[in-house]
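Reading the structure
As a plain string of letters, each chain reads:
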Amino acid sequence: MGIVVMNPGPQTLVEDLGRPGYAALGLSPSGALDRQALLLANALLGNPADAAGLEVLLGGLRLRFVTASTVAVTGAEGLVKLNGSEMPLNQAVRIAPGTVLEFGAPLFGVRYYLAVLGGIDAPRLLGSRSSDVLSGEGPAPLRAGDSLAVGRTGNDASSLNSVPDRAGGAVPPVRRAPDPGQAIVARVHRGPRVDWFDDESWLRLVTQHWTLSPESNRIGARLLGRPLLRIRGEELPSEGMALGALQVPPSGLPTVFLADHPVTGGYPVIAVVRRGDLDLLAQARPGQTIKFLG
Amino acid sequence: MSHSPDSWTILPYGDSAFLVELPELEAVVAYYRGLTKDGSHAGVVDVVPAARTVLVTFDPEVVPASGIKAWLEDAQPAPAELGTGRDVEIEVAYGGQDLAEVAGLLGLSEKEVVSLHAGSVWTAAFSGFAPGFAYLVTNHEKLRVPRRSTPRTVVPAGSVGLAGEFSGIYPRSSPGGWQLIGTTDRALWDASKPEPALIRPGDRVKFVEA
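The structure presented is a predicted model; accordingly, all values stated were derived computationally and were not measured.

1. Focus on the overall build of chain B
Counting secondary structure elements, chain B contains four helices and 13 strands. A compact globule built from 210 residues should have a C-alpha radius of gyration of about 17 Å, and chain B, at 18 Å, falls within 12% of that. Along the three orthogonal principal directions, the C-alpha set of chain B runs to about 55 × 40 × 30 Å. Per-residue burial over chain B gives 53% buried out of 210 residues. Here the contacts in chain B between residues at least 6 apart in sequence split such that 61% fall between residues at least 24 apart. Put simply, chain B shows about 9500 Å² of open surface, and 51% of that area lies on carbon and sulfur atoms.

2. Focus: the sheet that holds strand β16 (residues 255–257) of chain A
Residue and element names in this part refer to chain A. Read around the barrel, seven strands follow the order β11-β18-β15-β16-β13-β12-β19 and close on themselves; strand pairing throughout is mixed. Each adjacent strand pair in this sheet contributes to an overall mean axis angle of 40 degrees, direction not counted. Bridging between strand β11 (residues 184–190) and strand β18 (residues 269–273) involves three bridges; their strand directions are antiparallel. If you follow H189 over to β18, its bridge partner there is V272. Sheet strands in contact with helix α2 (residues 199–207) are β11, β12 (210–212), β15 (245–247), β18 and β19 (289–293), and its direction is about 30 degrees off that of β18.

3. Comments concerning the environment of V272 of chain A
The topology assignment puts V272 of chain A in strand β18. When the C-alpha atoms of V272 of chain A and A105 of chain A are compared, they prove to be 31 Å apart, with 167 residues separating the residues in sequence. Contact partners of V272 of chain A, with chain neighbours within four places excluded, come to R187, V188, H189, G191, L243, G244 and A245 of chain A together with Y13 and G14 of chain B.

4. Some remarks on the nonpolar core
Core analysis: the biggest nonpolar cluster contains 35 residues, and Y31, L35, V54, V56 and L72 of chain B have the highest contact counts within it. At the level of elements, β2 (17–21), α1 (25–36), β3 (44–49), β4 (53–58), α2 (65–74), β6 (121–128) and β7 (130–137) of chain B are the ones that each hand at least two residues to this core. With seven residues, α1 of chain B is the largest single contributor of residues to this core. Two domains each donate at least three residues to this core, and these are domain 1 (5–82) and domain 2 (87–209) of chain B. Not counting the four nearest positions on each side in its chain, Y31 of chain B is found in contact with W8, V20, L22, V54, L72, A75 and P77 of chain B. Formed by 33 residues, the second largest nonpolar core is a distinct cluster that contains A186, V188, F197 and A259 of chain A.

5. Topic: the packing of aromatic side chains
The description of two aromatic rings rests on the distance between their centres and on the angle between their planes. Tallied over the entire structure, the rule returns 13 aromatic pairs over all chains. Among the aromatic side chains, those forming a connected cluster through ring pairs are F126, F129, F133, Y135, F166, Y170 and W178 of chain B. When the ring centre of W202 of chain A is taken as origin, the NZ or CZ atom of R190 of chain A, which lies over that ring, is 4.3 Å away.

6. Points about the interface of chain A and chain B
Taken residue by residue, the interface counts 30 residues in chain A and 35 residues in chain B. Summed over both sides, the interface between chain A and chain B buries roughly 2300 Å², with carbon and sulfur atoms accounting for 62% of that surface. Interface area lost by chain A to chain B is led by A24, L25 and P192 of chain A, which between them contribute 24%. Counting across the interface, chain A meets chain B through two salt bridges. With a closest N to O distance of 3.5 Å, E137 of chain A and R172 of chain B form a salt bridge.

7. Regarding the sheet that holds β4 of chain B
Paired through backbone hydrogen bonds, the strands of a sheet run either parallel or antiparallel to each other. Residues and elements named next belong to chain B. Strands sit in the order β1-β2-β4-β3 across an open sheet of four strands; the sheet is antiparallel. Sheet topology places β1 (9–12) and β3 at the edges, where each strand pairs with a single neighbour. Each neighbouring strand pair of the sheet contributes to a mean axis angle of 20 degrees, computed without reference to strand direction. Relative to β4, β3 runs antiparallel, the two sharing five bridges. Bridging from a neighbouring strand, V47 pairs with V56 of β4.

8. Some words on the pairing of β11 of chain A
Judged from the four bridges that link them, β11 of chain A and β19 of chain A form a sheet pairing that is parallel. Each residue of the ladder has a partner; that of R187 of chain A, found in β19 of chain A, is L293 of chain A.

9. Description of the domain arrangement of chain B
All names here are of chain B. Taken domain by domain, chain B holds domain 1 (5–82) and domain 2 (87–209). Here domain 1 and domain 2 have C-alpha centroids that lie 27 Å from each other. Facing the seven residues of domain 1 at the interface are eight residues of domain 2. Both sides of the domain 1 and domain 2 interface together cover about 640 Å² of buried area, and 67% of this is carbon and sulfur. Our count for the contact surface shared by domain 1 and domain 2 stands at zero salt bridges. Taken together, the links from domain 1 to domain 2 amount to zero residue pairs in polar contact (both at pLDDT 80 or more). No other element matches α1, which puts four residues into the side of domain 1 that touches domain 2. Looking at the side of domain 1 that touches domain 2 residue by residue, the classes come out as six nonpolar, no polar and one charged.

10. As for the side chain of E137 of chain A
Along the chain, the position of E137 of chain A falls in the loop between β9 (120–121) and β10 (147–150). By relative accessible area, E137 of chain A is classed as buried at 12%. One polar contact links E137 of chain A to R172 of chain B, side chain to side chain, over a distance of 3.5 Å. If sequence neighbours within four positions are ignored, E137 of chain A has contacts with L27, L125, S130, S131 and D132 of chain A together with R172, W189 and A191 of chain B.

The rules we used
- Every chain is numbered on its own, with residues counted from 1 as its sequence reads.
- Chain letters and ligand numbers both follow the written order, the letters beginning at A and the numbers at 1.
- For a predicted model such as this one, the threshold for reporting local features is a pLDDT of at least 70, and the threshold for listing and counting side-chain atom pairs is 80 or more; totals across whole chains, interfaces and linings nevertheless cover every residue.
- The side-chain figures draw on all heavy atoms in the structure; neither hydrogens nor water molecules are used.
- Strands are runs of DSSP state E lasting at least 2 residues, helices are runs of H or I lasting at least 4, and numbering of each runs from the N terminus.
- Here the globule rule reads 2.2 Å times residues to the power 0.38, and the radius of gyration is calculated from C-alpha atoms.
- Relative accessibility under 20% of the residue-type maximum defines a buried residue, over 50% an exposed one, and the middle range a partly exposed one, all with a 1.4 Å probe and only protein chains included.
- Here a residue-residue contact requires only that any non-hydrogen atoms of the pair lie within 4.5 Å.
- Values of accessible area rely on a 1.4 Å probe in the Shrake-Rupley scheme; residue burial ignores everything except the protein chains shown.
- When DSSP finds two or more bridges between a pair of strands, those strands are recorded as paired.
- Axis geometry follows a simple rule: fit a line to the C-alpha atoms, using only the stretch in contact for helices, then measure angles between N-to-C directions, giving values from 0 to 180 degrees.
- The set of buried Ala, Val, Leu, Ile, Met, Phe, Trp, Tyr and Cys residues whose side-chain atoms join them within 4.5 Å is what this entry labels a nonpolar core.
- Where each domain starts and ends comes from a domain assignment, either automatic or drawn from a database.
- Paired rings are identified among Phe, Tyr and Trp, the last through its six-membered ring, by centres lying within 6.5 Å, and are further divided according to the angle between planes into stacked (under 30 degrees), edge-to-face (over 60) and tilted (the rest).
- Geometrically, a charge over a ring is one whose NZ (Lys) or CZ (Arg) sits within 6 Å of the ring centre while staying within 35 degrees of the ring normal.
- Two parts lose some accessible area (1.4 Å probe) when they are put together, and adding that loss for both gives the buried area.
- A carboxyl oxygen of Asp or Glu within 4 Å of a side-chain nitrogen of Lys or Arg is what we treat as a salt bridge.
- Two N or O atoms form a polar contact when they lie within 3.5 Å of each other; inside protein one atom must be a possible hydrogen donor and the other a possible acceptor, and for residues adjacent in sequence the pair counts only when both atoms belong to side chains.
- Put simply, Ala, Val, Leu, Ile, Met, Phe, Trp, Tyr, Cys and Pro go in the nonpolar bin, Asp, Glu, Lys and Arg in the charged bin, and everything else, Gly too, in the polar bin.

In structure tokens form, the structure reads like this:
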């Protein structure tokens, strides 16, 4: 086995690009919350885009590599150490057998992504190795003592000994993790139930500074602020929920549905966040300001 | 069978989805069947039926929103007899914790509840709640009962229940408020199979007394 988990930190999950297309069976799409960061990590190594990596929430993860490997860490920014020395982020790094890789608490963002040459190997469910915290499907969260297998690379063995040639492949640009002292801006479209709210509510949604609640997780980003006001009192029969939906429960405080969201829900959706802006929300820290651009 | 296009409404849902609103569940089932009977449209990711709606998500890099909107506008609802769903038979050991209470609520004997449940053909209208959980409806409301006023904290996997117009089977142990009238040994969800859900929207389900 290639990698031993010494300490999983608060939550480390195996994630790839998820399993969209099974919502009608009751299954969330799941997958890396910050897709762009995982895509970058895999591209830096020359891995296929859908290779599985680790999503490391708030650091704390400590791994020992039994065999030599090449890795890349993207997403959140903080002190990541190889055998006690600082490791550069957002680039491919070769590591020798026996190396200990350790993630400090992130200073920017909340989720690191670790890609390993060849990808993390785990059983697939419906084509994906993603861990889904809502349904509990997919690989279990990492625990101390776990061994992680690494997939075979498509290239010959010599590629294991060299950092991949980045000039050849299309590596997406590095997107810095958001500064926790600044607002994260997410663009929204009007949702299917915008008429269930008074006119003030839309204005309030797109003008006020929301705060990310510490109760946020992979299911949803919960927001705190002045509540939105519903003007229709009847019950909404459960309806399909899409990624990025801003669902408003009776409290008037919206939740943005992220990768492990329930596929149906019974509260009205006032707005939908643009797909490309969900990656930034995935890196928002509890207490950070969120602004919606309508 | 033709429907006027104004019998459903297409609501906006961001840059990669639409929500189709229909007047009633039966119309949802027919509309969903019509949309999916010949496979899906290029670029469509999910088609999610629910109680009064069908959510359609798509990849805007593969298909423009206008193409999906036209597909949704031109859809031909398919009546039940033209259904392409599969037939699923499920053996049930009747006698769940709430069977007596359900019989009391309906003014029937326990035996009559069982023969009504096992004697009806159910259709999976939509899924949700947990992977593999299908909301089943039939062509009468003789088994319509309210949910339990206090949900149970643990309902065992395989429990067969009633709630409102629906019947359903718990794929896994979970909290739940449905009235339980029996149990089955069938696996509703098996993640190791290429088709993990035993019952999918559009399927017809027949309960057989074990």
